[in-house]
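Secondary and tertiary structure notes
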Amino acid sequence: MSISKYRATLSRFQSSIALFVLCLALSILSDKFLTVDNGWNVLRQISVNVCISVGMTLVVLTAGIDLSVGSVLALSGAVAAGLLKNGIELPGNDLFIGFTLLGTIVAGLLTGGFLGFFNGAVITKFKVPPFVATLAMLTIARGLTMLWTKGYPISSLGPSFGYIGTGWFLGIPVLVWIAAVIIAVALVITNKTSLGRYIYAIGGNENASRLSGINIGKVKVIVYTISGVLAALGGIMVTSRLDSAQPNAGISYELDAIAAVVIGGTSLSGGRGTIMGTVLGAVIIGVLNNGLVLLDVSPFWQQVVKGFVILLAVIIDKANSKAE
Amino acid sequence: MLVAEKIGKRFAGVVALNEVSMELPPAKVTAIIGENGAGKSTLMKILSGVYPEYEGRILLDGKEVRFSNPKEAQEKGIAIIHQELNLIPDLSITENIFLGREITNGWDMLDKKSMRQKTQELLNRLKLEVSPDTLIRDLKVGQQQVVEIAKALLTDSQVIIMDEPTSAISDHEVEVLFSIIENLRNDGKTIVYISHKLDELFRIADRYVVLRDGQVTESGSMEGVNHDAIIKKMVGREIKALDREQRKFGEREILQVQNLCLELNNGGRQKALDKVSFSLRQGEILGIFGLMGAGRTELLECILGIHPAGCSGNILVNGEVVKLRSPQEAIKSGIVLVPEDRKKDGLVLGLDVKTNISLSTIRRILQSGFLNRNRETKLAEEYTQSLRIKTPSPNQQVKNLSGGNQQKVVLARCLATNPKVLMLDEPTRGIDANAKNEIYKLILELSQSGLGIIVVSSELPEILAVSDRILVMSEGKITAEFSAEEANEDNILKAAIPKTI
């Protein structure tokens, strides 16, 4: 009993231990790693991935997947940037609608929310597997981004928009504040609300959940909508930070998000996993990226290393659940 | 000669087979007789290598054999034709028959010509007049069954086990099958035949073995045995008498079902439900008995709103017509179901006891919109006490509980919704005798609180023990209704056995 308890405790903290070991190794190998500046740098870098990964976690907990987050991020960021810079001219009426900063942000988030809602509706109404539905959205949203931007970046968005991506508030970068708030809200949703409860139940056993009277379709639509909104939020963060909406922003971000979810111990078959696990997963990926850059490892090798870390995390997780 | 010696098998602590010994001689058809859950399929799966772990020994022609998978059993000449078809719909007959044992030439390339030719020979022998290139999905269910048989014949098996081979085939195909079986017997093969259709057994079987509660209770020659004697041998057991005195129930009809029909898209077979009508009074326990495929589960699913598309007819709760298009709406109207397969449909195994109990009634544990752990634990404790659920704590994962206690957790989840009608599908499947009696006692107690209860079961003693009134279903129809006093094993089973043969 005591051994198995020890094992269970060990496996619960394995990501934290891995992160600690990683940090220890990096601080020995590089004298630039363990500095305040680098610390904020890492946190700022991961804040976008944290937001997307939190949404992805909710989706994966229902045994789904959202491959469209990278494209949704690009489109939402571009919509916000475009509206801020150019507004909308309605042809014919000579009507011009300008947007305030808040208005553009809301419009960006609504764009992501609508695309996520569309994903959820297709998945539940037409029984399209999430992989396929969101794969389709991946190219749809990317195409729309190209149409909206005509293939060119939308840049020079002004200092007040830039505050989101580069500003500081109470001694902490605004980006980190946003990620922290998202984490907090997600923790409340998963632990304290019926929505969270239903998310775990559906992922654990969809049949039993349906027979228990849970409205499966509604829950799934909400979850994909949340994922879309969080991807859009990521889009606004990225756009603000670069002071530019790039038409090919966010490419392969879905993979980083899935990696964070998986390293964080969430089961891709649903029903098992935590928000904090995902956050740790995102931090591990971020630290790893940062460390490899500091150590002057070529970007090509960085990808190889990241891939092996993901494999290792899943293999260890499998071994643990077997031992259980 | 295939001999089983003291075969034992447990599932999660529940005894499925207990020291089962039998001899299966060549050139004979041996019928294995027993109720659902008696252990027939488990035994067959052990003999054919599906379950590699068991106690006891299997002897084939005097030598002990132990199979770690069905392929090994096949290689030793034991083939099984499963009740569920194990064919791949998008492959052809030839490809299915040779799956895993393809004929190849020297360069490991498929020798399609000789496989096709062999398949053609088999199909001729079985009088199935279709091309070997036909895809399985284009065959009728009966024809698919014949393909399964062809698969068993291909390996020239010495022992052929047939588990309900006629459950889905037409009279004509049954005749063909029987002549095949006779030929195989004359060739000296050992045939093991499982069927609920007793008439078939009289026609085809030479010997019988009776399994009851995982034990062999009797065996002998079919000669001189009649229909009623077989039924007696199958059932035999008495359930510990429950205290059924002072059964009283209200006059009010809490649930009425009128002309319920269900058509499922499963290849245009007969209706799954055909004009089913009945009513249920407050405090009454209505037993519904039926053999496999009788439509009993479909009936409950229809009432719960799982098949809104194919289902027609009226459902009235307290005299008012309700349209139930989803389990959610059914639960709102006061109808709940404890499903047949609790692991697949009843529980979220990875979550804990309290979460499972509150799943259908999450509103009861919300406080200003947020889950309240205290209320949740209280709710769970209320039911773990009243239903006597044995769990170390409400935080225990459900998968760690015994079958009987898992079943009680499902029951608790259903009762927490304050239902008017409680439907239980096979409420004691896969749980041990003590837990069974516990569940029966609970059902009686619950009915006394004014709940209308429907118990669907394929176990006769169970139906007889708990029901105030009994409906018998066969082939999607209600074929008989008995009061608790009139009902006995004989008349129920007679009404339940399909008349198509």
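Refer to the structure printed above.
Okay, so let's go over this structure. (Residues numbered from 1 in each chain as written. Chains lettered and ligands numbered in written order. Predicted model: local features only at pLDDT ≥ 70, side-chain atom pairs only at ≥ 80, totals over all residues. Heavy atoms only, no water.)

**Observations regarding the overall build of chain A**
When helices and strands are tallied, chain A shows 14 helices and 6 strands. On C-alpha atoms alone, chain A measures out to a radius of gyration of 20 Å, which is about the 20 Å that the 2.2 N^0.38 rule sets for 324 residues. Over its C-alpha atoms, taken along the principal directions, chain A stretches across nearly 75 × 60 × 35 Å. Residue pairs in contact within chain A that sit at least 24 positions apart in sequence constitute 77% of those at least 6 positions apart. (Helix = DSSP H or I, 4+ residues; strand = E, 2+ residues; numbered from the N terminus. Rg over C-alpha atoms; globule rule 2.2 N^0.38 Å. Contact = heavy atoms within 4.5 Å.)

**A few points about the overall build of chain B**
Of regular secondary structure, chain B possesses 17 helices and 22 strands. Reported as C-alpha extents along the three principal axes, the dimensions of chain B are approximately 75 × 55 × 45 Å. Per-residue burial for chain B yields a buried fraction of 54% across its 501 residues. Within chain B, counting contacts between residues at least 6 apart in sequence, those at least 24 apart form 67% of the total. Each charge class in chain B was averaged separately, 65 positive and 69 negative side chains, and the resulting centres sit 4 Å apart. (Buried < 20%, exposed > 50% of the residue type's maximum accessible area, 1.4 Å probe, protein only. Lys, Arg positive; Asp, Glu negative; His and termini not counted. Charge placed at Lys NZ, Arg CZ, Asp CG, Glu CD.)

**Observations regarding the sheet that holds strand β12 (residues 273-281) of chain B**
Residues and elements named next belong to chain B. Spatially, β12-β11-β14-β15 is the arrangement adopted by the 4 strands of the open sheet, whose pairing is antiparallel. Sheet topology places β12 and β15 (320-321) at the edges, where each strand pairs with a single neighbour. Strand direction decides the pairing type here: strand β14 (residues 311-317) and β15, joined by 2 bridges, are antiparallel. Paired with V317 across the strands is E320, a residue of β15. (Pairing = 2+ DSSP bridges.)

**Things to note about empty space enclosed by the protein**
Residues and elements named next belong to chain A. Evaluated as defined, the whole model comprises 3 cavities of 30 Å³ or more. Taken as a whole, the second largest cavity holds about 40 Å³ of empty space. Looking at the second largest cavity, the residues that line it are L73, A74, G77, A78, G235, V238, T239, S244, A245, Q246 and A249. When contributions to the lining of the second largest cavity are tallied by element, the ones reaching two or more residues are α4 (69-86), α11 (216-242) and β6 (244-245). Of all the elements, α4 adds the most residues to the lining of the second largest cavity, at 4 residues. For the lining of the second largest cavity, the residue count by class is 6 nonpolar, 5 polar and no charged. (1 Å grid on protein atoms, 1.4 Å probe; cavity = no way out; pocket = protein on both sides within 12 Å on 5 of 7 lines; lining within 4 Å. Points joined across faces, edges and corners; volume = space filled by probe spheres on them. Nonpolar A, V, L, I, M, F, W, Y, C, P; charged D, E, K, R; others polar.)

**Thoughts on the packing of helix α3 (residues 36-61) of chain A against α11 of chain A**
All names here are of chain A. For the pair α3 and α11, interaxial distance at closest approach is 8 Å and the crossing angle is 170°. Taken together, the axes of α3 and α11 lie roughly antiparallel to each other. In this structure, α3 contributes R44, Q45, S47, V48, C51, I52, V54, G55, M56, L58 and V59 to the contact, and α11 contributes V223, Y224, I226, S227, L230, A231, L233, G234, M237, V238 and R241. In the contact of α3 with α11, the residues fall into 15 nonpolar, 5 polar and 2 charged. (Axes fitted to C-alpha atoms, helices over the stretch in contact; angles between N-to-C directions. Parallel < 35°, antiparallel > 145°, perpendicular 65-115°, else oblique.)

**Describing the side chain of R296 of chain B**
Among the structural elements, R296 of chain B can be located in helix α9 (residues 296-303). Within polar-contact distance, the side chain of R296 of chain B engages the side chain of E426 of chain B at 2.5 Å. (Polar contact = N/O pair within 3.5 Å; in protein donor to acceptor, adjacent residues only side chain to side chain.)

**So, α11 of chain A**
All names here are of chain A. Between the first and last C-alpha of α11 there are 39 Å, a value that for 27 residues agrees with the 39 Å anticipated at 1.5 Å per step. By the criterion of burial, α11 is predominantly enclosed, with 19 of the 27 residues buried. Immediately downstream of α11, the backbone of D243 shows phi near 55°, a positive value. (Expected span 1.5 Å × (residues − 1).)

**Things to note about the packing of helix α4 (residues 112-125) of chain B against helix α5 (residues 141-154) of chain B**
Residues and elements named next belong to chain B. The geometry of α4 relative to α5 is characterised by a closest axis approach of 10 Å and an angle of 115° between their N-to-C directions. Two packed elements cross with a definite hand, and for α4 against α5 that hand is right-handed. On α5, the residues that touch K118, L122 and R125 of α4 are A150, L153 and L154. Taken together, the residues of the contact of α4 with α5 break down into 4 nonpolar, no polar and 2 charged. (Left-handed = near helix turned anticlockwise from the far one by under 90°.)

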